[in-house]
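Coordinate inspection notes
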Amino acid sequence: MMNKTISTDVCIVGGGPAGMILGLLLASQGVEVTVLEKNANFDRQYRGEIMHPRFVQMMEQIGLRTFLEQYPHLNLEEGGLYHKDKVLVPIHFSDLVPEFPYAFWMPQPILLNALYDKGKMYPSFHLQFHSSVKELVKEEGRIAGVKVETKEGQMEIRAKVTVGADGRFSLIRKLGGFEMEYEHYNNDVAWFTTPLPEGMPKQLQLVLTDSHFCLVLPKYPDSIQGGITFKKGEWKKIQERGVAHFRKELAEASPAFREFAYSLQNFKPFTILQAKTMFVREWAKDGCLLIGDAAHCASPAGGIGVSLSTATAIVAADVIYEALQASDVSASRLGQVQRIREKDIRNVHQLQLKQESLQMSNNPFVKRIRPYLITLLAKTSIFKKKQKDVFVMSDPLPIHPRFKLNTSY
Ligand SMILES: Cc1cc2nc3c(=O)[nH]c(=O)nc-3n(C[C@H](O)[C@H](O)[C@H](O)COP(=O)(O)OP(=O)(O)OC[C@H]3O[C@@H](n4cnc5c(N)ncnc54)[C@H](O)[C@@H]3O)c2cc1C
């Protein structure tokens, strides 16, 4: 039995980066928003923490850059694609995007709490933790809200627009009958955290070895988050071969992993995550919209998911605001979000998939020539253009200036 029913303009399922940004932008315009988050707080590990310069660009556009920069974070100005310890392709963000020449490392709990602090400044912004959505409310052929389990019991939230911002395993996507256009899952990533080795610069490193693709990400304040990519299912074999064998592979992969590798006693320090890329065919139904990873999930190995999700959330704020003004929350109206955003997403997905097949190929010939091939490719103008497309937005997002928030703390 329902304990309580409330009504709101927009109900957002999921308090991740996409849901929080959308919620606070709409609330800044007086739209009544309820964000539902199933967890008790924002504490989480191994989530999007590194944001490319395009994220900084977007935050500037919506007036949040200086606000966010008051919270603990690191600015990373350089990086590179390495083959073991040799740099193949250096990355200098100042060359790519002189106005915002850095990637931004902010642990996700800090980012989400900062967005929550901002949201609290708007009376129409409401966030409920401990609120796990279980069902959709459907009415006259449209989605009209959700049924939620809270600490106080069951609740129904009726909304003009229901947004699924509930991540890559989205329940709203499933309950709403949204179809997947594609889903690629070839690799897993094993993540671990270790102190930053003495003397190692704080820079992003993407490392190719003969058998793996690795990520060395400086982690706020003085650690590194390491990631090792391997073929789906291979982790079991790695464990069967034993920790001594893996220790050797890890130590040889990157100097940044060496101390960690020597201290490794078992496989407990690793968290394994599926590197999935997926794209929902149509993101909107009458009264309902999917955003962020729920609609379009990029591989976590690219470190771009937060930027893509946030961009879709910002565009969604503009489209939903106008849709509410026009009292038209039809699929075709809400579908404008997809029409604006899909080109960028498809582009990034295609690049990731191409990069993945080159980096993960087990063909002995490809393995042998891969470092030289990448060095040559990196010199071409097409590579430079594609690289820029990933890190930088060529144009500001097409949104109304009303969404430039007041930057005061
Ligand atoms: C290991 C790993 C490392 C990554 N590293 C990076 C990186 O460095 N940089 C980067 O940009 N991206 C990275 N990503 C990707 C990034 O984390 C995601 O793209 C991003 O968090 C997506 O944001 P979102 O708001 O769409 O979804 P999420 O962040 O997944 O948020 C969804 C929210 O919905 C909540 N939720 C789910 N179901 C329900 C329900 N039924 N009811 C209520 N709430 C619900 C969840 O608890 C969660 O808080 C990484 C991902 C992984 C897995």
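For the structure itself, consult the block above.
Residues numbered from 1 in each chain as written. Predicted model: local features only at pLDDT ≥ 70, side-chain atom pairs only at ≥ 80, totals over all residues. Heavy atoms only, no water.

1. A short note on the pairing of strand β15 (residues 223-231)
- Of all the nine residues making up β15, eight are buried; the element is thus mostly covered by neighbouring parts of the structure.
- Here strand β12 (residues 180-195) pairs with β15 via nine bridges, running antiparallel. Looking at the pairing, F192 lines up with G226 of β15.
- Bridge count between strand β14 (residues 213-219) and β15: seven bridges; the pairing is antiparallel. By the bridge assignment, L215 is partnered in β15 with G227. (Buried < 20%, exposed > 50% of the residue type's maximum accessible area, 1.4 Å probe, protein only. Helix = DSSP H or I, 4+ residues; strand = E, 2+ residues; numbered from the N terminus. Pairing = 2+ DSSP bridges.)

2. Comments concerning the packing of aromatic side chains
- Following the criterion strictly, the structure yields 21 aromatic pairs and no others.
- Between F42 and Y116, the aromatic rings sit 6.1 Å apart at their centres with planes inclined by 85°, giving edge-to-face as the arrangement. Here the residue F42 occupies a position in the loop between β2 (33-36) and β3 (50-51), and Y116 occupies one in helix α5 (residues 108-119), the gap between them amounting to 74 residues.
- Take F42: its relative accessible area is 1%, and that puts it in the buried class.
- Seen in terms of ring centroids, Y321 and F403 are 6.2 Å apart; in terms of plane orientation they differ by 90°. Their pairing is edge-to-face. With a gap of 82 residues between them, Y321 in helix α10 (residues 305-325) and F403 in the segment after α14 (381-391) connect regions that are remote in the sequence. (Phe/Tyr/Trp six-rings, centres within 6.5 Å; stacked < 30°, edge-to-face > 60°.)

3. A short note on the pairing of strand β6 (residues 86-92)
- The pairing of strand β5 (residues 78-83) with β6 spans six bridges and is antiparallel. Bridged to E78 within β6 is H92.
- Count of turn residues in the β5/β6 antiparallel hairpin: two residues, of which K84 carries a positive phi of about 50°.

4. Describing the nonpolar core
- Counting 113 residues, the largest nonpolar core has L22, V146 and I320 as the members making the most contacts within it.
- For this core, the leading source of residues is α10, giving 13 residues.
- The next biggest cluster of nonpolar side chains, apart from the first, holds 25 residues, and it includes F192, I224, F230 and V243. (Core = buried A, V, L, I, M, F, W, Y, C linked by side-chain atoms within 4.5 Å.)

5. With respect to the site of the ligand
- Around the ligand sit 33 residues, and of these E37, R44, G48, I50 and V306 come closest.
- Within the contact set of the ligand, an oxygen atom lies 3.2 Å away from a backbone nitrogen or oxygen of P17.
- Surface burial for the ligand is 94%, taken as the share of its 1,000 Å² of free accessible area covered by protein chains.
- Broken down by secondary-structure element, the contributors of at least two residues to the shell around the ligand are α1 (17-28), β9 (132-139) and α10.
- Among the elements that make up the shell around the ligand, the one with the highest residue count is α10 (three residues). (Near = heavy atom within 4 Å. Polar contact = N/O pair within 3.5 Å; in protein donor to acceptor, adjacent residues only side chain to side chain. Areas by Shrake-Rupley, 256 points an atom, 1.4 Å probe, with all protein chains shown as cover.)

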